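Summary of the model geometry
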Amino acid sequence: MKSRSINIFANLDWILVILYFAFVFTGWINIYSAVLDQDHSSIFDMSQKYGKQLSFIIAGLGLIFIILMLDGKFYERFSSVIYFVSLLSLVGLFVFGKKVGGATSWYAIGSSFSIQPSEFAKFATALAVAKFISIPSFSLKKVKYQYMIFAIIMLPALIIIPQPDPGSALVYVSFLFVLYREGLNSNYMTLAFLTAFLFILSIPFDYKTLILIFSISLIIYIIYQKQRGKPIVKLFLYLTYIIVFLTSVDYVYNNILEDRHRNRLEVLLGMKHDPTGVGYNQHQSMVAIGSGGFNGKGFLKGTQTKGDFVPEQSTDFIFCTVGEEWGFVGSASFIIIFSFFIGYLLYKSEKQKLVFSRIYGYSTAMIFFFHFAINIAMVMGIAPVIGIPLPFYSYGGSSLWGFTILLFIFIKLDSENKSIL
Amino acid sequence: MNRKIFSFLMLFIVMIIFLIRLFYIQIVNDSYKFESDKNSRQKIKLYPDRGYIYDRNNILLVSNQPAYDLMVIPRKVKNIDTLKFCKLINITKERYIKRMKRVKSYSWRKPSVFIGELSKENFAFFQEKMFKFPGFYIQKKTLRKYPFKSAPNVLGYVGEVSSWMLKKDTSGFYRQGDQIGIAGIEKSYEKELRGQRGVKYVVVDVHNRVQGRYEQGDYDTIPVNGADIKSTIDIFLQQYGEKLMTNKRGGIVAIEPGTGEILASITAPSYDPNLLIGRKRSKNYSKLLSQDGKPLFDRGLLAQYPPGSPFKIINALVALQVGAITENTGFTCHHGFRHGSLHVKCHCGIYDRPQKLNSAILRSCNNYFSTSYKLSIEQYPTTEEGFRVWSEHVKSFGLGKYLNNDLPTGRKGLVPNTQLYDKVYGKGRWRPTYNISNAIGQGELLVTPIQLANMTAAVANKGYYYTPHIVKNIGENSVENTRFANRINTTVDPKYFPAVIQGMIDVFEPGGTGWASRIPGMKIAGKTGTAENPHGQDHSIFIAFAPADNPKIAIAVFVENGYWGSRWAAPISTLMIEKYLTGEVKRKRLEKKIIEGSLQNEYNKQKNH
Ligand SMILES: [Zn+2]
């Protein structure tokens, strides 16, 4: 015990630490390239985004130091407190929030610095979920606990949605996978996938047609499966869900969604070609990535990146710069390494002896996965434009610190894994 | 499914999807790459050389010369030494500021011409120092060049494509600033002459310096030069005709009867085609537009005159065709044609005995043709029908309608039809005597010199013509197997021609109206004419073809206010024929007299009126 308090670096998983620094550093390099212009060329220029990002990174080092200094038990013990503070900070936005780019998701600190509490709510929720599930009496088989755990997950999401910041809210779906891993009835997963699937189908097809098709296929299925005695009731419940869902989606789509939302969906689903309008960002970002070719144009040589063709180049669309300047070689490497990073987190979580650590690690991995999957899919034009940062790469102090805390709490928990018998 | 594996599997699937998508965008699909390279890629239009134009003997008439425009992209102009720049291209600072303001108001990002057509010295100076002036560059272009100060009406000119032409152009070929043929051969053969534009892509750095070719030239297209065109014009004949028309106004058109090829198309006054080149074009153009005598008006193609006596040839042929007369029919002239109170005067000189066709042609007897015109129409039960037949015969000589040839302009002329007289007199209430002036080529009739020349060619061919055209070859291809090779027959039987032609030959015999203009040793067929002109002196007209037995040239000459046919038009015609057929004019005295002769006084009189 004594040696650990002296050396906070003992038993750290160096693979994760090295990957972290590799991501943060290459991310910073890409931000530099994305916002560089002729008049400001010093990489340490604090008036520029890359200069600021560097200060965020350095501040992040301080956070890492603090996280590693604290005892692993601290996080388990104070998880509820952290969670409630985080909820308060989200609610507080309705009163003290600052509007940036249409969303009231920020607290202004001083004149030039803002902080986005939703970035910190993720690790707080992860802690809360891990804590709650690791309570010995907890069982996902019991409906009461199911409700409670859903409430923990959905509370921050529900506060975030009306800011409005649907991207950040969507990330909370990642906890569903954690629950599934921990034994949640697979019907929930089926329902979630079915919902996503139906939602996409309902856009090109008329809902009545879909209902008809599903009903007929179900009847045929039942007739052929009759003798085996499959749970017909369950299937009928699914069908009811399909009908209710499709009807309400149709209603929402036509009566609640605004034109701009509809447009986004239609462009995404290829029902509308519109490279200058709604699809502009995505089109430009694909052009930028596509222009990288196999080898890329080289560091600082991106022309799309320089030309300010892609809006939000340094934040949500930072992957464009990777694609353009580092080409297929660079961006494919990034995708593989980042996937490895998430996979490694999953692997490490499974190795945790403490339930709390395991669930927290799993949550961490899934949060990273959701950010990674949605962001890259959006930038490459296979998902709608949902404002969501790419961990460690996108410019911004809040998201960098949020992800740093999220990861390093797990690294800290993991470092104590060995000493648990 | 094992729940521990589930997330790994999902992660793996997403990774694979991303890698495939990435592969597609970055490697398979080129369009993203090509589009993105817009900034680093500069498109250079490669202009093909416009085709040259030659005369029928392969003498170069139109070629190209380089010119250099100083271009500017205002956005890219940064920190330049303005004083040095002005000194280099020899302009004042005020001009620089003025130009810059104009250019910027046009576009900040698009290139504009800063100084057009730099002088050779300024170009050389500037090119050496160009690198010091970012945003400026030299753009080479080509201008037309005319070795002969001749035939501007035939060759035409090129100019910058106008905005309404751009709007009309459905092919999308032209861009702002492109050159296009505006008149003459340049216009009618624009498509052949212009060639095909090419495009070259180069990679440039931030300072717009060329780094190399884009994608090894995979996206480049090579320009295809325009086709050279061989005109039917004989430039020396053309020049000679222009010279003969010095200080006179009018039009000359000469045609090769056997092919319909236009040997010369002259309008007087004329101008030097080099005036309409490049940037000085618009200034000179407006100058020419307001100049006395309208040099831009191509009289050979556009001026409509009454045909006068040469039209008697057609009337004779029609009368023969409808059986109103034979070559031996004779009419006695009583100092003219009399019918009731109508009296068409005649000065043919033979008033005591009947005159046959031959004599009537060479003496141009008004009585003979008035009588035969009346009889021609009276061959039919009604005046209306007779007149319609007459009108159709006349039109079969290419009169009163567009020739539909390869010249960009033309006029229809006028051959009256029955409706015209129905309108004036009422249906069925007029007689041939009401429009007897048609018999002698006056009245409502109007022809252009090219129509008259074509009519002459049809007579020379004894009953057919080829659509007159100005181009012989396009590149390697002759126009022989195009519509210009189609023989167009008149409605008059070839057997009636020899008698009429004999009359035209006898015009050059003693006592004939062409005697003074004869070429010793050459058999020419011709006919003088005088077209009444209510605004001043009558117009002098002549038609001719030669050699009469084997016609190689048919010609029509109009000299405005030239008094009468034999005074100007006849000598000009035979001088042209002599020049074309023998290559050398031996009648130097006549030639000198014609060249030096001026009708300027007549024109000044008209101007004062
Ligand atoms: Zn007479």
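Rules behind the numbers
Residues numbered from 1 in each chain as written. Chains lettered and ligands numbered in written order. Predicted model: local features only at pLDDT ≥ 70, side-chain atom pairs only at ≥ 80, totals over all residues. Heavy atoms only, no water. Helix = DSSP H or I, 4+ residues; strand = E, 2+ residues; numbered from the N terminus. Buried < 20%, exposed > 50% of the residue type's maximum accessible area, 1.4 Å probe, protein only. Contact = heavy atoms within 4.5 Å. Areas by Shrake-Rupley, 256 points an atom, 1.4 Å probe, with all protein chains shown as cover. Donors = N, O, S within 2.8 Å, 3.2 Å for Na, K, Ca; no water. Tetrahedral: all angles 85-135°; square planar, octahedral: opposite > 155°, others 65-115°. Pairing = 2+ DSSP bridges. Axes fitted to C-alpha atoms, helices over the stretch in contact; angles between N-to-C directions. pLDDT = per-residue confidence, 0-100. Salt bridge = Lys/Arg side-chain N within 4 Å of Asp/Glu carboxyl O. Nonpolar A, V, L, I, M, F, W, Y, C, P; charged D, E, K, R; others polar. Parallel < 35°, antiparallel > 145°, perpendicular 65-115°, else oblique. Left-handed = near helix turned anticlockwise from the far one by under 90°. Polar contact = N/O pair within 3.5 Å; in protein donor to acceptor, adjacent residues only side chain to side chain. Core = buried A, V, L, I, M, F, W, Y, C linked by side-chain atoms within 4.5 Å. Arc of directions from axis to C-beta.

1. Looking at the overall build of chain B
Tallying secondary structure elements over chain B gives 22 helices and 23 strands in all. In chain B, which comprises 609 residues, the proportion classed as buried is 54%. The contacts of chain B with a sequence gap of at least 6 include a subset with a gap of at least 24, amounting to 71%. Of the roughly 28,800 Å² of accessible surface on chain B, 51% is carried by carbon and sulfur atoms.

2. Let's talk about the overall build of chain A
Looking only at helices and strands, chain A features 18 helices and three strands. Expressed as a percentage of its 421 residues, the buried residues of chain A come to 54%. Of all intrachain contacts in chain A linking residues separated by at least 6 positions in sequence, the fraction that spans at least 24 positions is 70%. Surface accessibility of chain A: about 19,100 Å² in total, with carbon and sulfur atoms responsible for 68%.

3. Side note on the coordination of the zinc ion
By definition of the ideal shapes, a tetrahedral metal site with four donors has angles of 109.5 degrees and an octahedral site with six donors has angles of 90 or 180 degrees. Residues and elements named next belong to chain B. Around the zinc ion, the protein supplies C333 (SG), C346 (SG), C348 (SG) and C365 (SG) as donor atoms, at distances of 2.1 to 2.5 Å. Around the zinc ion sit four donor atoms; with metal-centred angles ranging over 105 to 115°, the donor geometry is tetrahedral. Read from N- to C-terminus, the donor residues coordinating the zinc ion fall into the pattern C-x12-C-x1-C-x16-C. On the basis of relative accessible area, C346 is assigned to the buried category, the value being 3%. Look at C348 and you get buried, because its relative accessible area is 10%.

4. Concerning the sheet that holds strand β22 (residues 539–546) of chain B
All names here are of chain B. Strand order in the open sheet formed by five strands is β12-β11-β23-β22-β21, with antiparallel pairing between adjacent strands. The two strands at the open ends of the sheet, each matched to only one other strand, are β12 (261–268) and β21 (525–531). Pairs of neighbouring strands in the sheet enclose a mean axial angle of 5°, with direction left out of account. Note that β21 and β22 share seven bridges and pair antiparallel. Paired with A531 across the strands is H539, a residue of β22.

5. Re the environment of G92 of chain A
Residue and element names in this part refer to chain A. Along the polypeptide, G92 turns up in helix α5 (residues 79–96). Separated by 15 residues in sequence, G92 and Y107 place their C-alpha atoms 9.1 Å apart. In contact with G92, other than residues within four places in its own chain, are G97 and Y107.

6. Observations concerning the confidence of the model for chain A
Chain-level pLDDT for chain A is 82 on average; 83% of the residues reach the 70-or-more range. When mean pLDDT is taken per element in chain A, helix α18 (residues 397–415) of chain A scores highest with 94 and helix α1 (residues 2–6) of chain A scores lowest with 47.

7. Some details on the pattern of salt bridges
All names here are of chain A. Using the criterion set out here, one finds 24 salt bridges over all chains in the structure. For K348, the salt bridge is made with D414, and the minimal N-O distance between the two is 3.5 Å. Placement of the pair is K348 in helix α16 (residues 318–350) and D414 in helix α18, with a sequence separation of 66 residues. Look at K348 and you get buried, because its relative accessible area is 15%. Take D414: its relative accessible area is 8%, and that puts it in the buried class.

8. Re the interface of chain B and chain A
Contact with chain B, which involves 26 residues of that partner, is made by 47 residues of chain A. The interface formed by chain B and chain A includes zero salt bridges. Of all the elements in the fold, those that place two or more residues in the side of chain B that touches chain A are α1 (3–28) and α2 (30–36) of chain B. The dominant element in the side of chain B that touches chain A, judged by the number of residues it contributes, is α1 of chain B, at 18 residues. The residue inventory of the side of chain B that touches chain A, partitioned by class, reads 15 nonpolar, five polar and six charged.

9. Focus on the packing of helix α13 (residues 311–322) of chain B against helix α15 (residues 366–378) of chain B
Residue and element names in this part refer to chain B. Where α13 contacts α15, the axes come no closer than 9 Å and their chain directions differ by 40°. In terms of their interaxial angle, α13 and α15 are classed as oblique. The crossing of α13 and α15 is left-handed. Packed against α13, whose contacting residues are K312, N315, A316, A319 and V322, the element α15 presents N366, F369, S372, Y373 and S376 at the interface. The class makeup of the residues in the contact of α13 with α15 is five nonpolar, four polar and one charged.

10. Some thoughts on the sheet that holds strand β2 (residues 103–109) of chain A
Sheets are built from strands that pair by backbone hydrogen bonding, the pairs being arranged parallel or antiparallel. Residue and element names in this part refer to chain A. The strand order across the open sheet formed by three strands is β1-β2-β3, and the pairing between neighbours is antiparallel. At either end of the open sheet lies a strand with only one pairing partner, and these are β1 (98–100) and β3 (113–115). Here the average twist between neighbouring strands, direction ignored, is 55°. Strand direction decides the pairing type here: β2 and β3, joined by three bridges, are antiparallel. Paired with I109 across the strands is F113, a residue of β3.

11. Describing the pairing of β22 of chain B
For a regular strand, the rule is simple: side chains alternate between the two faces of the sheet. Residue and element names in this part refer to chain B. Of all eight residues in β22, eight are buried, a share of seventy percent or more. Side chains H539, I541, I543 and F545 project from β22 onto one buried face, and the interleaved S540, F542, A544 and A546 project onto a second face that is buried too. Two strands pair when backbone bridges link them, and β22 and strand β23 (residues 553–559) are joined in this way by seven bridges, in the antiparallel orientation. Paired with I543 across the two strands is A556, which belongs to β23. Linking β22 to β23, which pair antiparallel, is a turn of six residues.

12. Re the side chain of E416 of chain A
Residue position: E416 of chain A is located in the segment after α18. Within polar-contact distance, the side chain of E416 of chain A engages the backbone nitrogen of G72 of chain A at 3.0 Å.

13. Notes on the environment of V355 of chain A
All names here are of chain A. Positionally, V355 belongs in helix α17 (residues 355–379). A relative accessible area of 33% means that V355 is categorised as partly exposed. Between the C-alpha atoms of V355 and A130, which are 225 residues apart in sequence, the distance is 7.6 Å.

14. Examining the nonpolar core
By size, the foremost hydrophobic cluster in this structure holds 122 residues, and its most contacted members are I149, F319, F334, I335, F341, Y360 and F392 of chain A. Looking at this core element by element, the count peaks at 17 residues for α17 of chain A. Aside from chain neighbours lying at most four places away, what touches F334 of chain A is F23, F319, F372, I376, L390 and Y393 of chain A. By size, the runner-up hydrophobic cluster in this structure holds 99 residues, among which are L301, A316, A319 and A556 of chain B.

15. Considering the packing of α16 of chain A against α1 of chain B
For the pair α16 of chain A and α1 of chain B, the least separation of the axes is 10 Å and the interaxial angle reads 175°. Regarding the angle of α16 of chain A to α1 of chain B, the classification is roughly antiparallel. Split by residue class, the contact of α16 of chain A with α1 of chain B holds 16 nonpolar, seven polar and two charged.

16. What about helix α3 (residues 82–89) of chain B?
Side chains three or four residues apart in an α-helix point the same way, a direct result of the helix having 3.6 residues per turn. Residues and elements named next belong to chain B. All buried positions along α3 are accounted for by T82, F85, C86, L88 and I89. Summarising the axial view, the buried residues of α3 lie within an arc of 160°, below the 170-degree limit, and thus occupy one face. Exposed and oriented more than 90 degrees from the buried face of α3 are L83 and K87. The N-cap of α3, judged by a side-chain oxygen 3.3 Å from the amide nitrogen of L83 a few residues on, is D81. Looking one or two residues beyond α3, the residue adopting positive phi is N90, at roughly 65°.

17. Considerations on unusual backbone geometry
All names here are of chain B. The peptide bond linking A268 to P269 adopts the cis configuration, its omega dihedral lying at 0°. Position of P269 among the secondary structure elements: in the loop between β12 and α11 (281–290). Cis geometry marks the peptide bond from A546 to P547; its omega dihedral reads -15°. By the secondary structure assignment, P547 is in the loop between β22 and β23. A positive phi is found at N90, a non-glycine position, where the angle reads about 65°. Tracing the backbone through its elements, the reader meets N90 in the loop between α3 and α4 (93–106). The exposed category is assigned to N90, whose relative accessible area is 63%. Despite not being glycine, H335 has its phi angle at roughly 55°, a positive value.

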